[in-house]
Amino acid sequence: GISDISFVLLYYVFGYRRKVVLNNLRNSFPDKNEKELNIISRKYYRYLCDLFLETLKTLVFTKKSASKHARLNPQAKILFDQYYEKKQSIIIVMGHWGNWEWAGNGFSLECKQQLYVIYHPLANSYFNKLMIKMRTRFGTKLIPMKNTYRDMMTHKNEITATAFIADQTPSPDSAFWTKFLNQDTPVFIGTEKIARKTGYPVVYVSVKKVRRGYYEMFAETLFEKPQETKEGEISEAHNRRLERDIIERPEIWLWSHRRWKHKLVKE
């Protein structure tokens, strides 16, 4: 009920970033008409309100409830268990699709690996502490983005899963550029550099919304031996896989983010 009221306020009263959302949708789906885009937009804002309140719910969730609302698909559990039995650490790549916050809790409660999540610390110390509390309640540990490779190496004797949510906007000068949702898009190159250095298999995770308040995680290995890949190959594969998920269920991706604020300068 609170989420439904929040939706009316956010979408109809305040119009939070509606122009940004619709512009992103138009550029991503040039084949859709305005009616179709507005339907996706409204569904997105409903999801966004649910996501915000679900994230706050993390502060009071019991372990039983957290496991119930974000579960691993049985095949995904088998895949992660196989890597653990081989004593093989892995890199997880994913996007802001579904409830990525609950996914971390669900993984930590169900899997044997120690989960580390790469994060960008918030400038506001109060909200930064709150975010850390929410994300670490059930055993997940965090690594600040600027210390990623160094911190991963300090844990190299553990069997770990390190999660990169790699669909944010990097500096355009140091990024790998690709076509993503019909647009020139800069991508963080650090994820694949670290994968090649460590040799950890790269596993893509989808967080699919089953119904309101319930999610299921699916997993598939993109590269068993990333050290044998070419530059850009891992980034390209991750973005193609995420793109498929977004096209399948566009309303549960983060459209209000200014993902395309940088433009590719063509010589």
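Cut-off values and rules
- Residues numbered from 1 in each chain as written.
- Predicted model: local features only at pLDDT ≥ 70, side-chain atom pairs only at ≥ 80, totals over all residues.
- Heavy atoms only, no water.
- Helix = DSSP H or I, 4+ residues; strand = E, 2+ residues; numbered from the N terminus.
- Rg over C-alpha atoms; globule rule 2.2 N^0.38 Å.
- Areas by Shrake-Rupley, 256 points an atom, 1.4 Å probe, with all protein chains shown as cover.
- Lys, Arg positive; Asp, Glu negative; His and termini not counted.
- Charge placed at Lys NZ, Arg CZ, Asp CG, Glu CD.
- Core = buried A, V, L, I, M, F, W, Y, C linked by side-chain atoms within 4.5 Å.
- Buried < 20%, exposed > 50% of the residue type's maximum accessible area, 1.4 Å probe, protein only.
- Contact = heavy atoms within 4.5 Å.
- 1 Å grid on protein atoms, 1.4 Å probe; cavity = no way out; pocket = protein on both sides within 12 Å on 5 of 7 lines; lining within 4 Å.
- Points joined across faces, edges and corners; volume = space filled by probe spheres on them.
- Nonpolar A, V, L, I, M, F, W, Y, C, P; charged D, E, K, R; others polar.
- Pairing = 2+ DSSP bridges.
- Axes fitted to C-alpha atoms, helices over the stretch in contact; angles between N-to-C directions.

### Re the overall build of the protein
Tallying secondary structure elements over the protein gives 10 helices and nine strands in all. Its C-alpha radius of gyration of 18 Å places the protein within 12% of the 18 Å reference for a compact globule of 267 residues. When the backbone C-alpha atoms are referred to their principal axes, the protein occupies close to 55 × 50 × 40 Å. Of the roughly 13700 Å² that the protein leaves accessible, carbon and sulfur atoms contribute 53%. Both charge centroids of the protein, one from 45 positive and one from 28 negative side chains, sit 6 Å from each other.

### Let's talk about the nonpolar core
Phe-80, Ile-91, Ile-92, Ile-246, Trp-253 and Trp-255 are the most contacted members of the largest nonpolar core, which totals 67 residues. It is helix α3 (residues 34-57) that contributes the most residues to this core, eight residues altogether. Residues within four places of Trp-255 in sequence aside, it is in contact with Val-20, Val-21, Asn-24, Leu-25, Ser-28, Phe-29, Tyr-44, Leu-181, Ile-246, Pro-250 and Trp-260.

### Let's talk about empty space enclosed by the protein
Evaluated as defined, the whole model comprises three cavities of 30 Å³ or more. As for the largest cavity, its lining consists of 17 residues, and the residues nearest its centre are Trp-100, Ala-103, Gly-104, Leu-115 and Val-117. Contributing elements (two or more residues each) for the lining of the largest cavity: β2 (90-94), α6 (100-110), β3 (114-119) and β5 (160-165). The dominant element in the lining of the largest cavity, judged by the number of residues it contributes, is α6, at six residues. Considered class by class, the residues forming the lining of the largest cavity number 12 nonpolar, three polar and two charged. Among the secondary structure elements, those contributing two or more residues to the lining of the second largest cavity are α9 (190-198) and α10 (233-248).

### Observations concerning the sheet that holds β5
Judged by pairing direction, the sheet is mixed, and its seven strands sit side by side in the order β1-β9-β8-β2-β5-β3-β4 without closing on themselves. For this open sheet the edge positions go to β1 (70-72) and β4 (141-144), each flanked by a neighbour on one side alone. On average, each strand axis in the sheet is tilted by 30 degrees relative to the strand beside it, whichever way the strands run. Here β3 runs beside β4; their pairing, made up of four bridges, is parallel. Counterpart to Ile-118 in the pairing with β4 is Ile-143.

### Things to note about the pairing of β5
Summarising burial for β5: six of the six residues are buried, a large majority. Burial along β5 is two-sided: the residues Thr-160, Thr-162 and Phe-164 and Ala-161, Ala-163 and Ile-165 are all buried. In terms of strand pairing, β2 meets β5 through five bridges, oriented parallel. Residue pairing for β5: Ile-90 is matched across the bridge by Ala-161. Where β3 lies against β5, four bridges are found, and the strand directions are parallel. Looking at β5, one finds that Gln-114 is bridged to Thr-160.

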